[in-house]
Amino acid sequence: MKSYDFDFFVIGAGSGGVRASRVAADLGARVAIAEERDFGGTCVNLGCVPKKLFSYAAHYAEEWRDSRGFGWTHAEPAFDWPTLLANKNREIARLNAIYRDILASRGIRIFSERARLAGPHRIKVGVETISARHILLAVGGQPWKIPFPGNDLAITSDELFHLPELPDSMVVQGGGYIACEFASILHGLGVEVTLVHRGEALLRGFDADIREFVTATLGGKFRLALGRRIEQLEQLEKVGQRKLKARLDSGETIIAGEVLCATGRRPNTGDLGLEHTRVKTRANGAIEVNERFETAEAGIFAVGDAIDRVTLTPVALAEGQIVARNLFDGQTTKMDYDYIPSAVFCHPNIASVGQSEAEARAGGGECDIYLSRTRPMKHTLSGRDEPALLKLIVDRGSQRVIGLHMVGPDAGELVQGFTVAMNCGATKADFDRTIGIHPTLAEEFVTLKNPLE
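Parameters at a glance
Residues numbered from 1 in each chain as written. Predicted model: local features only at pLDDT ≥ 70, side-chain atom pairs only at ≥ 80, totals over all residues. Heavy atoms only, no water. Patch = residues over 30% accessible without salt bridge, like charges linked within 9 Å, V, L, I, M, F, W, Y side chains within 5 Å. Areas by Shrake-Rupley, 256 points an atom, 1.4 Å probe, with all protein chains shown as cover. Salt bridge = Lys/Arg side-chain N within 4 Å of Asp/Glu carboxyl O. Helix = DSSP H or I, 4+ residues; strand = E, 2+ residues; numbered from the N terminus. Buried < 20%, exposed > 50% of the residue type's maximum accessible area, 1.4 Å probe, protein only. Pairing = 2+ DSSP bridges. Axes fitted to C-alpha atoms, helices over the stretch in contact; angles between N-to-C directions. Contact = heavy atoms within 4.5 Å. Core = buried A, V, L, I, M, F, W, Y, C linked by side-chain atoms within 4.5 Å.

### Remarks on a nonpolar patch on the surface
In step 1: On the surface, Phe 70, Trp 72 and Leu 381 cluster together into a nonpolar patch covering about 370 Å² of accessible area.
In step 2: Take Phe 70: it is sitting in the loop between α3 (48-67) and α4 (81-104).
In step 3: Look at Phe 70 and you get partly exposed, because its relative accessible area is 41%.

Rendered as structure tokens:
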């Protein structure tokens, strides 16, 4: 049997890479991992974690206004951006250390520099060439800007997390979850926001009722410039402050302190040495893998955002664990992509699991739709005009709940629990006989009685 320096070499210490490394080491494999940036990947450093912390910060403006309806009187609050940045950075540094300790405590060799493939079973790290029986590519993704003149002047979400000063105004380009989240966050922190999106509704790919509801709700908070796109961006000469002029295809111009391009992400697979192997990629750089996450080069695997299947942190974790257990524990597990929940932390939050109504109808079967627009109890006193939306999609033949969607406070927290039920095959009858917790918003899901006509 040929000897290798390591049984398992992982490139990328994000969610999928760290999980795969840890599981493989726990199963007795000799493991190494390379990461040229901060441990924890996009989620910890430039994605889920700091974004959620910023979202919490932004909610306080609405909470302060709500409190007056409950008898609280106090002076106008003041927000300090440097304090939020410093506290966020301290928490991220703590998590970075935890991720590194997870690896080091298991005897995993850590390379804090860029790694590239040098051929089958071979990796170049600095001046070293290392051999490994199995290689996992868990290199994640990176923001992508739509090309137009001056787009180099725009920032991405990566830079937003480290802006030294918060501008008084910002244009956000995009209509997906990143654009909606950051537009909501910036608005909550007191920035004048204009969201520019080429479509007529936000959040393509989500259920149509969700899209319509969220577009209307966010449009009541900050300005939406729908059906438009940025054609050109230029910097204006302003003494002591940065000002950008965005020209839209409608002819309108918008002056703002910053322009945020939130137009999607692409796999971070450049400069990886793929040309030295038979690994194949799609047009957007995504690595092609089979159901075992194996590439066209035997012994090289890929997971997470690098394969661009379902770009969610928990999915990368599951994929990485499957690779490690299949390789070193003799398992033959396959990834199940059904009933994966997702959340959008715009204000209000969105959470979904299962099929949209359009997907359910496109599948050929008949379905029943249950829909509720309701005012959260809190807002009967807060006075905030922000209803919630809850929707169930039920397969008429089996009566199984195949889609569940919500817009409202803490939507992600609520939908997580319903996801367990749906993965267990819950039917509408199961929902109907479940006693709700009163008074809560979640109980609406178990009290929906009449389907839409």
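### With respect to the sheet that holds strand β14 (residues 258-261)
In step 1: Read across the open sheet, the four strands follow the order β10-β9-β8-β14; overall the sheet is parallel. In this open sheet, the two edge strands, each paired with only one partner strand, are β10 (223-226) and β14. Neighbour to neighbour, the strand axes of the sheet diverge by 20° on average, direction disregarded.
In step 2: Inspection of the sheet shows strand β9 (residues 192-197) paired to β10 by four bridges, in the parallel sense. Along β10, the bridge assignment pairs Thr 194 with Arg 223.
In step 3: In the packing of helix α6 (residues 177-188) onto the sheet, the strands contacted are β8 (169-173), β9 and β14, and the crossing angle to β9 comes to about 165°.

### Structural notes on the sheet that holds strand β13 (residues 253-256)
In step 1: Here three strands make up an open sheet; going across it, the order is β11-β12-β13 and the pairing antiparallel. The open sheet has two edge strands, β11 (230-236) and β13, and neither has a second partner. Ignoring strand direction, the axes of neighbouring strands in this sheet form an average angle of 20°.
In step 2: Judged from the six bridges that link them, β11 and strand β12 (residues 243-248) form a sheet pairing that is antiparallel. Bridged to Leu 236 within β12 is Lys 243.

### Overview of the nonpolar core
In step 1: If you look at the biggest cluster of nonpolar residues, it comprises 52 residues, and the most contacted ones within it are Phe 9, Ile 11, Leu 136 and Leu 137.
In step 2: Once you skip the residues sitting within four places of it in the chain, Leu 137 turns out to touch Ile 11, Leu 117, Leu 272, Leu 274, Ile 287, Ile 300, Phe 301, Ala 302, Val 303 and Ala 306.
In step 3: One finds Val 172, Leu 195, Val 214 and Phe 222 within the second-largest nonpolar core, a separate group that totals 41 residues.

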